[in-house]
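# Results of the structural survey
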Amino acid sequence: MRRRTAVIAAGSVAAAALAAGGALYWTGGDDPAATAQTAAATAAVERRDLARSEEVVGTLSYGEARTLTGAKPGVVTWLPAPGTVVGPGDAVYEVDNAPVVAMAGDLPLWRDLAPGVEGPDAAQLESNLAELGYDGFTADDEYTSATADAVEAWQEDLGAAETGTVAVGDVLFSPNEVRIADQLAAVGDPAGGQLLTYTSGERRVSVQLEIADQDLVAVDQAVAVTLPDGTEAAGVVSEVGQTVTAAEPGSDEPETIEVTVAIADQAALGALVSAPVEVVLVAETREDVLAVPVEALLALREGGYGVEVVDGGESVLVPVETGVFADGFVEVAGDLEAGMAVAVPS
């Protein structure tokens, strides 16, 4: 072993007097008072994988509930039960025994659609009709007589009046499937009031992440979610919030941002509707690196860190550069080899 610094007595703790930032402080002198602390053991320099991670608490749920207000005159004749998942082509509720149907789309139905109408709302309707199996028209942004024929066929299948037009209130456009959360109205009520609350059709995990840990997450990052029964589900970060939530005045709570985790395999969540879960965020992984226990680090007076390498009856202080800290170990680079013994102070 090549000596980098002055040799010191075996079993000393690199002449350390105090801990600084989790590492002992090297004085560089021979004062007995500075070398009073002794090493209780040694640990081997290891070659291993290190992953910087943080375990945080999240909440599994279907997300925030929104209120559906009817836009069609008449009387409510049917409402779906809470827990019903509604997708394109499904009835959301019925007015005067005619269904209001869900379709996929970001744009709400803000005007009646009839032959001669052009625009993205017409294109959105035609796209849904094609997906539902209706044809005979060109799926573009123009509502033609051919579109009206397809609409009549769709209305016939629904048992609705075959008008060939789609009036405001006949269709509810939504980007994704929705899940009925609660009924706010009852059969027999006017259809123009608040009827239902609904959420996303899929469960996700929401995490209030401390600002100090925001470097641990990024969109599309894979994470592990541990359910209350101890089983794990694979998740992916779908959204990292840009709004900081401040703590209450006088509170010691940290500022946070909201992180949303999507769960692709909904079946892995069982029958859970809402539950606290644990989420493991892994920000950085280093493979096959040299590592020592964090306690082996010595903070040097001139700056940086070192470790005390023990070799038989002698030991030597070896400066190191540190990398990832994880699981009680730290990545180190310097004049070291796997298997060397380093002092770990008591």
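All values derive from a computational prediction rather than experimental measurement.

Turning our eyes to something else, we now look at empty space enclosed by the protein. By rolling a water-sized probe across the atoms, one finds the places where empty space is left. Scanning the entire structure with this criterion turns up one cavity of 30 Å³ or more. Put simply, the largest cavity is a space of about 70 Å³. What lines the largest cavity is V86, G87, P88, A102, M103, A104, L172, S174, N176, E177 and V178. Tallied by class, residues from the lining of the largest cavity come to seven nonpolar, three polar and one charged.

Describing an aromatic ring pair means giving the distance of the ring centres and the angle of the ring planes. This model, assessed by the stated rule, comprises zero aromatic pairs. One cation-aromatic arrangement involves R179 over Y62; the distance from NZ or CZ to the ring centre is 4.2 Å.

Once that is clear, we can look at the nonpolar core. One finds V205, L209, V225, V279 and L281 to be the most contacted residues of the largest nonpolar core, which totals 21 residues. Elements represented by at least two residues in this core include exactly β5 (46–61), β14 (204–210), β15 (222–226), β16 (232–240), β17 (256–263) and β18 (275–293). The element contributing the most residues to this core is β17, with four residues. Apart from residues lying up to four places away in sequence, V279 is in contact with E54, E55, V56, V205, V207, V223, A224 and V225. Among the nonpolar cores identified, the runner-up in size contains 18 residues, and A122, L125, Y134 and A148 belong to it.

Okay, the sheet that holds strand β10 (residues 98–104) next. Strand order in the open sheet made by the four strands is β7-β9-β10-β11, with mixed pairing throughout. In this open sheet, the two strands that pair with only one neighbour each are β7 (76–78) and β11 (171–174). Between one strand axis and the next, the sheet turns by 30° as a mean value, whatever way the strands run. Sheet topology places β10 next to β11; four bridges connect them, and they run parallel. When the sheet's bridge partners are listed, A102 is paired in β11 with L172. Against the sheet, helix α1 (residues 120–131) touches β10 and β11, its axis set at about 100° to β10.

A sheet is described by the order of its strands in space; here four strands give the open sequence β6-β13-β12-β8, paired in antiparallel fashion. What marks the edges here is a single partner per strand, and that holds for β6 (66–69) and β8 (85–86). With five bridges joining them, strand β12 (residues 178–183) and strand β13 (residues 194–200) adopt antiparallel strand pairing. Considered in β13, the bridge of I180 is made with Y198.

Applying the stated criterion to the full structure yields four salt bridges. For the salt bridge of R111 with D121, the shortest nitrogen-to-oxygen distance reads 2.6 Å. Placement of the pair is R111 in the loop between β10 and α1 and D121 in helix α1, with a sequence separation of 10 residues. Where R286 meets E331, a salt bridge forms, and the shortest distance between an N and an O atom there is 2.7 Å. Of this pair, R286 sits in strand β18 while E331 sits in strand β22 (residues 329–334), placing them 45 residues apart in sequence.

What follows concerns α1. An ideal rise of 1.5 Å per residue puts 16 Å on 12 residues; α1 measures up with 16 Å between its terminal C-alpha atoms. If you check which residues of α1 are buried, you get D121, A122, Q124, L125, E126, N128 and L129. Against the buried residues of α1 lie β10, α2 (145–158) and β11.

This part covers the side chain of D121. Of the residues examined, D121 reaches a relative accessible area of 1% and is grouped as buried. A polar atom in the side chain of D121 sits 2.6 Å from the side chain of R111. Those residues in contact with D121 that sit more than four places away from it in its chain are L107, W110, R111 and L113.

This paragraph deals with the confidence of the model for the protein. Averaged over the protein, the pLDDT score is 87; the fraction of residues at 70 or greater is 88%. Looking over the protein, one finds the lowest element-wise mean pLDDT in strand β2 (residues 16–20), namely 33, and the highest in β7, namely 98. Per-residue pLDDT stays below 50 along residues 1–39; that stretch engages in 88 contacts with residues further than four places along the chain or on separate chains.

Let us now look at α2. Quick reminder: α-helices carry 3.6 residues per turn. Residues three or four places apart thus point the same way. Helix length check: α2, at 14 residues, gives a terminal C-alpha distance of 20 Å against a target of 20 Å (1.5 Å per residue), a fit within 8%. Within α2 the residues assigned to the buried category are T147, A148, A150, V151, W154 and Q155. Taken end-on, α2 shows its buried residues confined to a sector of 160°, consistent with a single buried face. Exposed residues on α2 whose side chains face more than 90 degrees from its buried face are S145, D149, E156 and D157. Check the buried side of α2 and you find it contacts β10, α1 and β11. The opening residue of α2 is T144, an N-cap whose side-chain oxygen sits 3.2 Å from the backbone nitrogen of A146. Following α2 by one or two positions, G159 adopts a phi angle in the positive range, close to 85°.

Reading guide: rules and limits
Residues numbered from 1 in each chain as written. Predicted model: local features only at pLDDT ≥ 70, side-chain atom pairs only at ≥ 80, totals over all residues. Heavy atoms only, no water. 1 Å grid on protein atoms, 1.4 Å probe; cavity = no way out; pocket = protein on both sides within 12 Å on 5 of 7 lines; lining within 4 Å. Points joined across faces, edges and corners; volume = space filled by probe spheres on them. Nonpolar A, V, L, I, M, F, W, Y, C, P; charged D, E, K, R; others polar. Phe/Tyr/Trp six-rings, centres within 6.5 Å; stacked < 30°, edge-to-face > 60°. Lys NZ or Arg CZ within 6 Å of the ring centre and 35° of its normal. Core = buried A, V, L, I, M, F, W, Y, C linked by side-chain atoms within 4.5 Å. Buried < 20%, exposed > 50% of the residue type's maximum accessible area, 1.4 Å probe, protein only. Helix = DSSP H or I, 4+ residues; strand = E, 2+ residues; numbered from the N terminus. Contact = heavy atoms within 4.5 Å. Pairing = 2+ DSSP bridges. Axes fitted to C-alpha atoms, helices over the stretch in contact; angles between N-to-C directions. Salt bridge = Lys/Arg side-chain N within 4 Å of Asp/Glu carboxyl O. Expected span 1.5 Å × (residues − 1). Polar contact = N/O pair within 3.5 Å; in protein donor to acceptor, adjacent residues only side chain to side chain. pLDDT = per-residue confidence, 0-100. Arc of directions from axis to C-beta.

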